[in-house]
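# Examining the three-dimensional arrangement
Residue strings, one per chain:
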Amino acid sequence: TTCPEIVTGQPCYDDYDPALEAPPLDVLRLHEFPEVVSVENSSGSKFLDFLGSDEGRPKHIIFFVHGFMGGPQDLRCFHSFLKLRFPHVLCHYSKENFKKTDSSFEDMGRRLAAEVVQVVERLMPVGGQNGCGSSESGVAEEHWKDVHGLRISFVGHSIGNIIIRAALATPEMRCLTKFLWTFLSVSGPHTGFLGVNAVQRAALVFLTKIRKVRSICELSMCDEKDPKDSFLYKLSKKPTFAHFKYVLLLGSKQDGYVPPGSATMTKLVKVHKDGRLHEELVDNFIGEVSNSEALSASGRGTHAYRYVVDFKNLKTHGVFQRVIGRAAHVELLCSPTYIPMFTWCLLDPDMFALPERISINV
């Protein structure tokens, strides 16, 4: 697709101001739901809680998770067009890992899991004091087994997708896995950084050897002496994709930060020594999706889709940005051409649709 001439004063993630942040949950046409009341959590953030009738309860919640050194509203373009296409969904910008993306994925995953559980429990107050956050997972699952009609989806960018998968592997999320519906991964380094250019390889050496950024070390699979003991390889062995009904893997040919083979979990045409781990991670993904009915908490199969965007015109970005591959990585978040086309033409209506019914036994 050809991108139009666009002048952007700042990158998507540099203009985030927490003081100006929109409410973490928003609903269009609130006047249609007279039961809506505004409540606050312990940190003062406002949530929208639906009380009274089953019709007013939230049915499909989308969590947006930003990437490395990003901000909660990086995915606001996807949020805007998804709300236009699916006005019934509730949207939440994850912010628990804001300015913390240099830590380990296990820590970031736990923070995201706690945030998701807090939002869902506030909107679906069925767990009482023994909700998802309970130390007794059996008690938590018992409270949620009679809940039907709730759907939870995720939209992630860059390493935000690995944070999502890390969160799904935590015990705190176990009681919510049966509600997972769609996972839209935008340029996620699911197999690491194999295939990046020389400039990016130099940057990875700086981040891993000198700055010792834990998250980048884990994505480079150098956090352990044996790559098969690394966090990313072990994560590929855990059922994370299988819990979703739809998995959408989106990448770009011109993205130098996350090569399309890693973003879309595609096997390489020519396999060399360093590519064997990539092949194994892709095989693990294919095996997980193939056996998703047995692995998922809901017992349904997973439908996986791959999309590769070809930006033929990135002249609005500087030459250096294009050479290092950052231009396409940012354009995947901001393009006013492919995002509406992708949202309106390539997304199946069922991917973010309302469930048939919702019932809660308290």
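Note that the structure is predicted; figures quoted are calculated from it, not measured. (Residues numbered from 1 in each chain as written. Predicted model: local features only at pLDDT ≥ 70, side-chain atom pairs only at ≥ 80, totals over all residues. Heavy atoms only, no water.)

Let us now look at unusual backbone geometry. Glycine aside, a negative phi is what most residues show, and trans is what most peptide bonds show. One non-glycine residue, M221, lies in the positive phi region at around 55°. Among the structural elements, M221 can be located in the loop between α6 (214-219) and α7 (231-236). With relative accessibility at 12%, the residue M221 sits in the buried group. Even without glycine at this site, M265 takes up a positive phi of about 55°. Considering the arrangement of structural elements, one finds M265 in the loop between α8 (260-263) and α9 (275-290). Here M265 falls in the buried class, since its relative accessible area comes to 2%. (Helix = DSSP H or I, 4+ residues; strand = E, 2+ residues; numbered from the N terminus. Buried < 20%, exposed > 50% of the residue type's maximum accessible area, 1.4 Å probe, protein only.)

In space, the 6 strands of this open sheet follow the order β4-β3-β5-β6-β7-β8, with parallel pairing throughout. Single-partner strands in this sheet number two, and they are β4 (90-93) and β8 (303-309). Sheet twist, expressed as the average angle between the axes of neighbouring strands with direction ignored, equals 15°. As defined by bridge partners, strand β3 (residues 60-65) adjoins strand β5 (residues 151-157) across 6 bridges and the pair is classed as parallel. Looking across to β5, one finds that H60 is bridged to R151. (Pairing = 2+ DSSP bridges. Axes fitted to C-alpha atoms, helices over the stretch in contact; angles between N-to-C directions.)

Another point: the pairing of strand β7 (residues 246-252). Taken across its 7 residues, β7 has 7 buried, putting it largely inside the fold. Side chains of β7 alternate between two faces, with Y246, L248, L250 and S252 and V247, L249 and G251 buried alike. Across 7 bridges, the pairing between β7 and β8 is parallel. Bridging from a neighbouring strand, L250 pairs with Y307 of β8.

This brings us to the pairing of β5. The buried fraction of β5 amounts to 7 of the 7 residues, a majority that puts the element mostly inside the structure. The side-chain alternation of β5 yields two buried faces, one formed by R151, S153, V155 and H157 and the other by I152, F154 and G156. Where β5 and strand β6 (residues 180-186) come together, 5 bridges link them in parallel fashion. Looking at β6, one finds that H157 is bridged to V186. With helix α4 (residues 160-168) bridging β5 and its parallel neighbour β6, the resulting β-α-β unit is right-handed. (Right-handed = clockwise from strand over helix to strand, strands pointing away.)

Our next topic: the nonpolar core. One finds F105, V120, W144, I152, F154 and L176 to be the most contacted residues of the largest nonpolar core, which totals 53 residues. The dominant element in this core, judged by the number of residues it contributes, is helix α2 (residues 105-123), at 9 residues. Every residue in contact with I152, bar those within four places of it in the chain, is listed here: I61, F63, V120, L176, F179, L180, W181, T182 and F244. Of all hydrophobic cores here, the second largest spans 30 residues; its members include V89, Y93, I339 and F342. (Core = buried A, V, L, I, M, F, W, Y, C linked by side-chain atoms within 4.5 Å. Contact = heavy atoms within 4.5 Å.)

Quick look at the confidence of the model for the protein now. Here the protein averages 77 in pLDDT, while 73% of its residues score no lower than 70. At the low end of the mean pLDDT range in the protein sits strand β1 (residues 36-40), at 35; at the high end sits α4, at 96. Low pLDDT, under 50, characterises residues 1-56; the predicted model gives this stretch 114 contacts beyond four residues in sequence or across chains. Here residues 357-362 is modelled with pLDDT under 50, and outside its nearest four sequence neighbours on either side it reaches 18 contacts, counting other chains as well. (pLDDT = per-residue confidence, 0-100.)

The tally for this structure, following the rule as stated, stands at 0 disulfides. Lacking any disulfide linkage, C217 is separated from the closest cysteine sulfur, that of C222, by 4.3 Å. Residue class for C217 comes out buried when judged on its relative accessible area of 10%. (Disulfide = S-S within 2.5 Å.)

Position of H329 relative to the elements: it lies in helix α12 (residues 326-334). Under the relative-accessibility criterion, H329 is labelled buried at 7%. Once residues within four sequence positions are removed from consideration, H329 is found in contact with H157, S158, S187, D255, Y257 and V258.

The N-to-C vectors of helix α1 (residues 76-85) and helix α13 (residues 338-346) enclose an angle of 35°; their axes lie 10 Å apart at closest approach. In this structure, α1 crosses over α13, and the sense of that crossing is right-handed. Between α1 and α13, the contacting residues are C77, F78, F81, L82, L84 and R85 on the first element and Y338, I339, P340, F342, T343 and W344 on the second. Along the lines of polarity and charge, the residues of the contact of α1 with α13 split into 10 nonpolar, 1 polar and 1 charged. (Left-handed = near helix turned anticlockwise from the far one by under 90°. Nonpolar A, V, L, I, M, F, W, Y, C, P; charged D, E, K, R; others polar.)

Applying the stated criterion across every chain yields a total of 5 salt bridges. Note that D107 and R110 form a salt bridge whose closest N and O atoms lie 2.3 Å from each other. On the criterion of helical spacing, the pair formed by D107 and R110 is a turn pair, its members being 3 residues apart in helix α2. Look at R110 and you get partly exposed, because its relative accessible area is 41%. In this structure, R214 and E218 form a salt bridge, with 3.1 Å as the shortest nitrogen-oxygen distance. Residue R214 and its partner E218 are both found in helix α6; the two are separated by 4 residues, about one turn of the helix. Given the relative accessible area of 37%, R214 is considered partly exposed. (Salt bridge = Lys/Arg side-chain N within 4 Å of Asp/Glu carboxyl O.)

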